[in-house]
Amino acid sequence: MLGHDVQFEGVPFFWTYHYGERVDYLGAASSWDEVHIEGDLCAMEFIVFYLERSGENRIVKAVLSCGRETKTALLAEMMRAKLTVDQAVAAIS
C-alpha cells in the first residue's frame, strides 16, 4: 500500500447477516478434504472447520461460524500460524 511491497499477514475474513443472524467466515479455502462441525447447526450456534489433511494432522484452512463471535475472533488470531483442528477445538472448548 502506498508504494510499499508488504504482504498482508492477517487472516482474510468477512461477515454478513442473513435472516437476522450474523455469519462469519475466516480464511480462504478453495478446496478441502474434510469438514468438522462444533455446535448446533439448527440452533444457529456453530463453528464449521474446513480442513486439509497433512500427514497425521488435519489443518484448518477456513472457518464458518454463527453465534460464536468471540471464539471466532480467537480463531482468527490462531490461524495466523498453522492450526490443527485439535488445537482449534481445544481453544474454543
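Rules and cut-offs
Residues numbered from 1 in each chain as written. Predicted model: local features only at pLDDT ≥ 70, side-chain atom pairs only at ≥ 80, totals over all residues. Heavy atoms only, no water. Axes fitted to C-alpha atoms, helices over the stretch in contact; angles between N-to-C directions. Helix = DSSP H or I, 4+ residues; strand = E, 2+ residues; numbered from the N terminus. Left-handed = near helix turned anticlockwise from the far one by under 90°. Contact = heavy atoms within 4.5 Å. Nonpolar A, V, L, I, M, F, W, Y, C, P; charged D, E, K, R; others polar. Pairing = 2+ DSSP bridges.

Enquirer: How should I be thinking about the packing of helix α1 (residues 69–78) against helix α2 (residues 85–92) in this particular structure?
Expert: Running from N to C, α1 and α2 point in directions that differ by 145°, and their axes come no closer than 10 Å. The way α1 lies across α2 gives a crossing that is right-handed. Each of Lys71, Leu74, Leu75 and Met78 in α1 lies in contact with α2, whose residues at this interface are Gln87, Ala88, Ala91 and Ile92. For the contact of α1 with α2, a count of residues per class yields six nonpolar, one polar and one charged.

Enquirer: Can you help me understand the pairing of strand β1 (residues 13–18) in this one?
Expert: Each regular strand carries side chains that alternate between the two faces of the sheet. Where β1 lies against strand β2 (residues 21–27), six bridges are found, and the strand directions are antiparallel. Residue pairing for β2: histidine 18 is matched across the bridge by glutamate 21. Hairpin geometry of β1 and β2 is characterised by an intervening segment of two residues between the two adjacent antiparallel strands and by a positive phi of about 50° at tyrosine 19.

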